[in-house]
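For reference, the chains in residue letters:
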Amino acid sequence: MSTETPQISSPSRVPASASPTGDGIVVGAGPVQVDAFIDFLCPFCKQFEEKSGQLLDELVADKAISLVYHPMGFLDGLSTTRYSSRASAASGCASDGGQFMEYLHALFANQPPEGGPGLSDDELVELGRGVGLGDGSFAECVRQGVYLDWSFYVTAVAAQRGVGGTPTVAIQGVPVPANPRTILTAVRAALARVGG
């Protein structure tokens, strides 16, 4: 059995605010890196955002963490239109428009049920309008699927890193349970190590 890691082809474009490796969107500039692997179709990801989102926002505002969201197409098989990848790609378009977090909240607030078609591209564009992405470039980006190959890349890199489900959270590369208490404890410990 080969132990070589298969090469993942890089996407043709990465969104604004992408991480140096290109497989996530960076929010904030603190010394401790928090990675959140999410899928916009995943009900547990919506719960994670509802329970942990405020804490993560506060840690970003306090300049304690750099929060890297990895929007995966993990659950494409649970929709009839590869909704996870399309929503992930649309979030890349939102990042280009400077509204990634606002759009992330809108996607979770309007999360479709698993097993159906998910939201249409027109509905994804409409959600963008609701968070201030009203110019034509966002709509064009969504409708043309500009970041679909980026979504596939994000998902492939996450799988290579051993992410087997969503939500998955890692602090400084170490997986932790995706709840506010353990995240805060791990961030505080990491800040103490980096002298934050």
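The present account deals with the structure reproduced in this document. Predicted, not measured: the structure shown is a model, and the values here were computed from it.

About the cut-offs
Residues numbered from 1 in each chain as written. Predicted model: local features only at pLDDT ≥ 70, side-chain atom pairs only at ≥ 80, totals over all residues. Heavy atoms only, no water. Helix = DSSP H or I, 4+ residues; strand = E, 2+ residues; numbered from the N terminus. Rg over C-alpha atoms; globule rule 2.2 N^0.38 Å. Buried < 20%, exposed > 50% of the residue type's maximum accessible area, 1.4 Å probe, protein only. Contact = heavy atoms within 4.5 Å. Areas by Shrake-Rupley, 256 points an atom, 1.4 Å probe, with all protein chains shown as cover. Lys, Arg positive; Asp, Glu negative; His and termini not counted. Charge placed at Lys NZ, Arg CZ, Asp CG, Glu CD. Arc of directions from axis to C-beta. Salt bridge = Lys/Arg side-chain N within 4 Å of Asp/Glu carboxyl O. Core = buried A, V, L, I, M, F, W, Y, C linked by side-chain atoms within 4.5 Å. Expected span 1.5 Å × (residues − 1). Polar contact = N/O pair within 3.5 Å; in protein donor to acceptor, adjacent residues only side chain to side chain. Pairing = 2+ DSSP bridges. Right-handed = clockwise from strand over helix to strand, strands pointing away.

Some thoughts on the overall build of the chain
Inference 1: Along the chain, the regular secondary structure elements total seven helices and five strands.
Inference 2: The C-alpha radius of gyration of the chain comes to 16 Å, within 12% of the 16 Å expected for a compact globule of 196 residues.
Inference 3: When the backbone C-alpha atoms are referred to their principal axes, the chain occupies close to 50 × 45 × 30 Å.
Inference 4: Counting across all 196 residues of the chain, residues that qualify as buried make up 51%.
Inference 5: Partitioning the contacts of the chain with sequence separation of at least 6, the portion at a separation of at least 24 is 77%.
Inference 6: A total accessible area of about 9200 Å² is found for the chain, and carbon and sulfur atoms account for 53% of it.
Inference 7: In the chain, which carries 12 positive and 20 negative side-chain charges, the distance between the mean positions of the two groups comes to 6 Å.

Let's talk about helix α5 (residues 136-143)
Since the α-helix advances by 3.6 residues per turn, residues separated by three or four positions end up pointing in the same direction.
Inference 1: All of the buried residues along α5 are F138, A139, C141 and V142. Along the axis of α5, the buried residues cluster in a sector spanning 160°; they form a single face.
Inference 2: Looking at the buried side of α5, the elements it contacts are α2 (83-96), α3 (100-109) and α4 (121-130).
Inference 3: At the C-terminal side of α5, G145 shows a positive phi close to 60°.

Remarks on the pattern of salt bridges
Inference 1: Tallying each qualifying case throughout the model produces seven salt bridges.
Inference 2: One salt-bridge network, in which partners are shared between bridges, spans D23, D35 and R161.

Details of the nonpolar core
Inside soluble globular proteins, nonpolar side chains tend to come together where they are buried.
Inference 1: If you look at the biggest cluster of nonpolar residues, it comprises 59 residues, and the most contacted ones within it are I65, Y69, Y103, I171 and I183.
Inference 2: For this core, the leading source of residues is α3, giving seven residues.
Inference 3: For I65, the contacting residues outside a window of four places in its chain are V27, G28, A29, G30, V32, V34, L56, L59, V60 and V187.

Overview of helix α7 (residues 180-194)
Inference 1: Relative to the 21 Å expected for 15 residues at 1.5 Å per residue, α7 spans 21 Å between its end C-alpha atoms, a close match to the ideal helical length.
Inference 2: Within the sequence span of α7, burial applies to I183, A186, V187, A190 and L191. Buried residues along α7 cover an arc of 140° about the axis, so they all sit on one side. Those residues of α7 that are exposed and aimed more than 90 degrees away from the buried face are R181, T185, R188 and A192.
Inference 3: Among the structural elements, β2 (32-38), α1 (43-61), β3 (65-71), β4 (168-171) and β5 (174-176) are those in contact with the buried residues of α7.
Inference 4: One side-chain oxygen at the N-terminal end of α7 lies 3.2 Å from the backbone nitrogen of R181; it belongs to N179.
Inference 5: Looking one or two residues beyond α7, the residue adopting positive phi is G195, at roughly 75°.

Structural notes on the pairing of β2
Inference 1: With respect to burial, β2 is a largely interior element, six of its seven residues being buried.
Inference 2: Pairing geometry for β2 and β3, over seven bridges, is parallel. Looking at β3, one finds that V34 is bridged to L67.
Inference 3: Note that the unit made of β2, α1 and β3 has a crossover that is right-handed.
Inference 4: Of the pairings in the sheet, the one linking β2 to β4 comprises four bridges and is antiparallel in character. Within β4, the position partnered with F37 by the bridge is T168.

Focus: the environment of L55
Inference 1: As for its placement among the helices and strands, L55 is situated in helix α1.
Inference 2: A residue is classified by how much of its surface remains accessible, and L55, at 14% relative accessible area, is buried.
Inference 3: Separated by 136 residues in sequence, L55 and L191 place their C-alpha atoms 15 Å apart.
Inference 4: Other than its neighbours up to four places away in sequence, L55 contacts P180, I183 and L184.

Geometric descriptors of this kind do not, in isolation, establish any biological role.
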